[in-house]
Amino acid sequence: MERGKMAEAESLETAAEHERILREIESTDTACIGPTLRSVYDGEEHGRFMEKLETRIRNHDREIEKMCNFHYQGFVDSITELLKVRGEAQKLKNQVTDTNRKLQHEGKELVIAMEELKQCRLQQRNISATVDKLMLCLPVLEMYSKLRDQMKTKRHYPALKTLEHLEHTYLPQVSHYRFCKVMVDNIPKLREEIKDVSMSDLKDFLESIRKHSDKIGETAMKQAQQQRNLDNIILQQPRIGSKKKPKKDAYTIFDTEIGSTSPKSEQDSGILDVEDEEDDEEVPGAQDLVDFSPVYRCLHIYSVLGARETFENYYRKQRRKQARLVLQPPSNMHETLDGYRKYFNQIVGFFVVEDHILHTTQGLVNRAYIDELWEMALSKTIAALRTHSSYCSDPNLVLDLKNLIVLFADTLQVYGFPVNQLFDMLLEIRDQYSETLLKKWSGIFRNILDSDNYSPIPVTSEEIYKKVVGQFPFQDTELEKQPFPKKFPFSEFVPKVYNQIKEFIYACLKFSEDLHLSSTEVDDMIRKSTNLLLTRTLSSSLQNVIKRKNIGLTELVQIIINTTHLEKSCKYLEEFITNITNVLPETVHTTKLYGTTTFKDARHAAEEEIYTNLNQKIDQFLQLADYDWMTGELGNKASDYLVDLIAFLRSTFAVFTHLPGKVAQTACMSACKHLATSLMQLLLEAEVRQLTLGALQQFNLDVRECEQFARSGPVPGFQEDTLQLAFIDLRQENIVITS
């Protein structure tokens, strides 16, 4: 029973499910009926479902049949009307066909025009697209053309900037084109080309400044000289309240405004700007001689390319090489001043350029590098000057060299280089200068002494008298009162030697100028050099004259007189040095002049030479003595040789009137003693073994002649019978022999 109920329930459920599926089939789109049918076949009752489906189809067929029967008459009527419409439709079709044919015929040109229009529109779109693409490519091509033009005109830094814009801004926009790829591949080559060309320009620049260092240095030193002259004028002639515009500073260093990223222009600032009020000529600056723009461009190019350090090392290395070449002096530099001048010009030019580079670039050179170069240059320059200046024998060349070194030092000092060692070296050259002066003045003194006539200077007019007094400090009231013509007691070499001593002092003073020495140091230097002149050079010259074989008594007497007056003039030389140095002689550590000693020594030597010369003359006369010791004749006058000897002595002692009294007396006493001794030797000769009365009588007459000469007082100042004592031994010997 229960099974029957369950079967009935299942049958009802199956029927309901089939009904649902049928409704779904009726209401669902044909394309989506697959899932529904699958659910039927998935079940076990598809046979029953097929029956249900057949039943449903038959039901629908009956409904259709009923509906058709109901509307059949209308359908027939419709078919009838349709047949009527068919004829009309055929007519309409024919009309449409005809119209279409006409339309096709008439629209054929329009179609062609439309095709042409279509093609034009297509071309227009293509052109528009091409223009757009070209508008993207054109800036790239323009930039590339600009790059090539800049490379061609050697504007390398702008070319590098253009290359950067081209690479980073323009090429990425058109990177898919083949020509752009070619450009991209070519960019590294262009960079290298810019580097190579800029480096070539730098090498040309280095060669240019090497060639122009001489001119740049000459310019800088010329401006330093102008500034020094200007300073001297201002010191000597101060203009108070002047309404003139002040002069521009002679030392306007290079323009030091530094651009950290942009290179300097072609027209760079000059070394120095000198402006003269009297004339408008300006000394050219370095920018007129050397174009500095290549080094700036190359520096910035290498900086942009990330190779600044490489550039700095290369520049410094090359400049060090050039410095060594500049510091190598020519072998014949010592022969002329121009050799030294060219050497200094090159050094100054080198460091002026480096100083300019230091102030117009950031880091290309630094102060430590400049100081290192200067230390090397200073040591090599001083060594070269020591070597070459030692060959100089001309004091004028040494003085000119000193002035050139001072100008060289002052010029470099303006640029901040320490030059104390140069001034220390000048003190060494000062000693050499003093030696060359002494050699020169030795020749001058020798010429003066050789050309002198050793006679008192004759004066025939007041003009000549004042001229001599103006040359030599001499005062004698008695001589002034004497009428013309008259004579100075000294010969011409006195004023000449005195003036040459002053010239020597002036020459020493010239060397001390601009050495930044104190007045005391200058005074000490002049006095020491003058002492060397007096004690060594002049003393040697005087001694050589005194010791000459052919010098006569007159010359010796005149030398004694001359040295006496020169000795008196030493105080005037002291005053002269004091006036030019403004250092009083009483100042502590002031060196005293040794002129008095020099002239005293020369006078003493001349006195000794007079004594010797007189004795030699006496010996010469005595050689003429020819006594006949066996004669029987009694003479009544002195021997001829002795008469001539006495006459010679009288004339000689007459010349001694201007000598100091003691000198004349000593000479006279010495001559008389030598004469007495010589006569004694004649009498006591070993060969004389026998004497006759006549011979003794003749010898006695000669002795009386000598005594008469002594009593006559040939030289004033002797006490009575003092001079006769020289012959007392001879008289006594004669008496002994006679007895």
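Keep in mind the model is a prediction, meaning the values are calculated, not measured.

This part is about a positive patch on the surface. Side chains of Lys317, Lys321, Arg324 and Lys380 sit close together on the surface and give a patch of like positive charge. Looking at the positive patch element by element, the count peaks at 3 residues for helix H7 (residues 308–326).

So, about the nonpolar core. Within the largest apolar cluster, 182 residues are counted, with the highest numbers of intra-cluster contacts made by Phe344, Ile610, Leu614, Leu649, Phe653, Leu675 and Leu679. It is helix H5 (residues 178–236) that contributes the most residues to this core, 14 residues altogether. Not counting chain neighbours up to four residues away, the residues in contact with Leu614 comprise Leu553, Phe648, Leu649, Thr652, Phe653, Phe656, Ala667 and Ala671.

Quick look at the pattern of salt bridges now. Overall, the coordinates contain 16 salt bridges when judged by the stated rule. With a shortest N-O distance of 2.0 Å, Arg101 and Asp98 are connected by a salt bridge. Residue Arg101 and its partner Asp98 are both found in helix H3 (residues 46–152); the two are separated by 3 residues, about one turn of the helix. Among the salt bridges present, the one from Glu428 reaches Arg386, with a minimum N-O distance of 2.9 Å. Note that Glu428 is positioned in helix H11 (residues 420–451) and Arg386 in helix H9 (residues 367–389), a separation of 42 residues in sequence. For Arg386, a relative accessible area of 45% translates into the label partly exposed.

Before going further, it helps to examine a nonpolar patch on the surface. Judged by side-chain polarity, Tyr72, Phe75, Ile79, Leu82 and Leu83 come together as a nonpolar surface patch covering roughly 540 Å² of accessible area. Mapped onto the secondary structure, Tyr72 falls in helix H3. Taking relative accessible area as the criterion, Tyr72 reaches 52% and is therefore assigned exposed.

Once that is clear, we can look at the state of the cysteines. All told, the structure shown has 0 disulfides when counted by the stated rule. No disulfide involves Cys672; its nearest neighbouring cysteine sulfur is the one of Cys668, lying 4.3 Å away.

Right, let's get into the confidence of the model for the protein. On average, residues of the protein carry a pLDDT of 78, and 86% of them reach 70 or more. When the criterion is pLDDT under 50, residues 238–280 qualifies, and its contacts beyond four places in sequence or with other chains add up to 94 contacts.

A word on helix H15 (residues 519–546). The end-to-end C-alpha distance of H15 is 38 Å, a good match for the 40 Å that 28 residues give at a rise of 1.5 Å each. Of all the bends in H15, the greatest, near 35 degrees, is centred on Ser539.

About the criteria used
- Residues numbered from 1 in each chain as written.
- Predicted model: local features only at pLDDT ≥ 70, side-chain atom pairs only at ≥ 80, totals over all residues.
- Heavy atoms only, no water.
- Patch = residues over 30% accessible without salt bridge, like charges linked within 9 Å, V, L, I, M, F, W, Y side chains within 5 Å.
- Areas by Shrake-Rupley, 256 points an atom, 1.4 Å probe, with all protein chains shown as cover.
- Salt bridge = Lys/Arg side-chain N within 4 Å of Asp/Glu carboxyl O.
- Lys, Arg positive; Asp, Glu negative; His and termini not counted.
- Charge placed at Lys NZ, Arg CZ, Asp CG, Glu CD.
- Helix = DSSP H or I, 4+ residues; strand = E, 2+ residues; numbered from the N terminus.
- Core = buried A, V, L, I, M, F, W, Y, C linked by side-chain atoms within 4.5 Å.
- Buried < 20%, exposed > 50% of the residue type's maximum accessible area, 1.4 Å probe, protein only.
- Contact = heavy atoms within 4.5 Å.
- Disulfide = S-S within 2.5 Å.
- pLDDT = per-residue confidence, 0-100.
- Expected span 1.5 Å × (residues − 1).
- Bend = angle between axes of the 7 residues up to and from the residue.

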